Amino acid sequence: MMSEQKELFPTTFVVLDMEWNQPIPYIPSPVDPKTLPGEIIEIGAVKLRMNSEKDFELSRPLRLTVRPIYYRVMNRQVSRVINKSTNDLKCGLPFQEAYRLFMDFCGEDYVLCAWGDSDISILRSNLKIHGLSAEMNERFMDIQPFFGKVGENTTMQRSVNYAVDFYKIPQTDDFHSADKDAWYEALVLKESLIDYFSMKNTEEKTEGFIPLSSYISNPNLTMQFRWKSDVFPTEKEADEKAEQEVLRCPICNEKLVADLPWFSSGHTHLSLWKCSQHGLLAGKIRAKRTPDQKYYGAGQIRFANASAAWYVKEKWQSLSEVGGGPERKNDPEAEECD
Ligand SMILES: [Zn+2]
């Protein structure tokens, strides 16, 4: 008990929120939009320090305006949301400098947080295009599924706005400037942590309880492994062949152990795997059609945090509740399904 408490307190969470501009389809882009899906124009952040289950401190928000160099014309869709014009994009700090100031703000020993995972992937693409290391803080937490689980016990994706209403947090500012969004996200995180600790006191020993540490994952473990089966006349044969692939950890090559064997959810097949060193991975297979109307199974495994794993388990459970369980391998009745 003591050692776990020591791990939890104090913890500093840095809640990051960013706004980015997007390329305009009819203007030739100076970079491949796949390499740079969005260029950061604003960085907002708030620190939430947790001293105990009940004692939280919020910092003043950090707000940095960034001057884009690739997408310098305001995308109309983006502008509608964040209310900025092309003229506004002429001011601000160069990205490198803004990022350095953000890193200074973070300090050392913190958990990086965001709402959803798009901020992290946009940040990664911006770091790469500016020739900076895309290696992130080793501990990252997505607030959205954490709120979903402890606030509502749902895997539905909710907006920040929804969560702010849910906790009846007074709204004094508009959304959609990075610092204000980060501020509201930090307030939602604080309320979710309070919910988490009251849940922990009563449900810690029950099955399905996810400890806080399981929501925190290493965002640098982005490696994944993909494979394809041979080609078969039917979708079912292709799926089955793809399921037979011997899976290894993309980092250490250790043979993975099935945590939840393959099951089908519509046309997608899902599974969970474990590497003793690197944790959980989620597997996915979909049959794809070849030009001559045959099928191959396309598989993928990638690292999964607690909430991604929970999503797969929920799917499995909801399927077992309807109609006697999902289709499993070697199930003689499965032939007629789908
Ligand atoms: Zn491994």
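For the structure, see preceding data.
Here the structure is a predicted model, which means the values were calculated and not measured.

Parameters and conventions
Residues numbered from 1 in each chain as written. Predicted model: local features only at pLDDT ≥ 70, side-chain atom pairs only at ≥ 80, totals over all residues. Heavy atoms only, no water. Axes fitted to C-alpha atoms, helices over the stretch in contact; angles between N-to-C directions. Helix = DSSP H or I, 4+ residues; strand = E, 2+ residues; numbered from the N terminus. Parallel < 35°, antiparallel > 145°, perpendicular 65-115°, else oblique. Left-handed = near helix turned anticlockwise from the far one by under 90°. Contact = heavy atoms within 4.5 Å. Nonpolar A, V, L, I, M, F, W, Y, C, P; charged D, E, K, R; others polar. Salt bridge = Lys/Arg side-chain N within 4 Å of Asp/Glu carboxyl O. Buried < 20%, exposed > 50% of the residue type's maximum accessible area, 1.4 Å probe, protein only. Donors = N, O, S within 2.8 Å, 3.2 Å for Na, K, Ca; no water. Tetrahedral: all angles 85-135°; square planar, octahedral: opposite > 155°, others 65-115°. Arc of directions from axis to C-beta.

### Here's the deal with the packing of helix 5 (residues 143-152) against helix 7 (residues 178-203)
Then comes step 1: Contact pair helix 5 / helix 7: the axes reach a minimum separation of 9 Å and the direction vectors enclose 40 degrees. The orientation of helix 5 with respect to helix 7, classified from their angle, is oblique. Seen from above, helix 5 lies across helix 7 with left-handed handedness. Each of I143, F146, F147, V150 and G151 in helix 5 lies in contact with helix 7, whose residues at this interface are E185, V188, L189, S192, L193, D195, Y196 and M199.
Then comes step 2: Classifying every residue of the contact of helix 5 with helix 7 by side-chain character gives 9 nonpolar, 2 polar and 2 charged.

### Thoughts on the pattern of salt bridges
Then comes step 1: The full count for this structure, using the stated rule, is 10 salt bridges.
Then comes step 2: Measuring nitrogen to oxygen at the nearest pair gives 3.6 Å for the salt bridge that ties E42 to R63. With E42 in strand 2 (residues 39-50) and R63 in strand 4 (residues 62-65), the pair connects residues that are 21 residues apart, well separated along the chain.
Then comes step 3: A residue is classified by how much of its surface remains accessible, and E42, at 2% relative accessible area, is buried.
Then comes step 4: Judged by relative accessible area, which is 45%, R63 ranks as partly exposed.
Then comes step 5: Among the ionic pairs, E42 bridges to K84, the shortest N-O distance being 3.1 Å. Note that E42 is positioned in strand 2 and K84 in the loop between helix 2 (76-82) and helix 3 (95-106), a separation of 42 residues in sequence. Side by side, E42 and K84 carry an identical accessibility label, which is buried.
Then comes step 6: Beyond isolated ion pairs, a larger network of salt bridges with shared partners links E42, R63, K84 and D179.

### Examining the coordination of the zinc ion
Then comes step 1: Within the first shell, the zinc ion binds the protein through C249 (SG), C252 (SG), C275 (SG) and H278 (ND1), at distances of 2.1 to 2.3 Å.
Then comes step 2: Relative to the metal, the 4 donor atoms surrounding the zinc ion lie at angles of 102 to 114 degrees, and the coordination shape comes out tetrahedral.
Then comes step 3: Sequence spacing of the donors to the zinc ion: C-x2-C-x22-C-x2-H. Remark: C275 occurs in strand 10 (residues 268-275) and C249 occurs in the loop between helix 8 (235-243) and strand 9 (257-265); sequence separation between them is 26 residues. In this pair, the class of C249 matches that of C275, namely buried.

### Quick word on helix 8
Then comes step 1: Those residues of helix 8 lying buried are A238, D239, A242 and E243. An end-on view of helix 8 places all buried positions within 135 degrees of arc, on one side of the element.
Then comes step 2: The inward-facing, buried residues of helix 8 abut strand 8 (224-228), strand 9, strand 10, strand 11 (279-289) and strand 12 (295-303).

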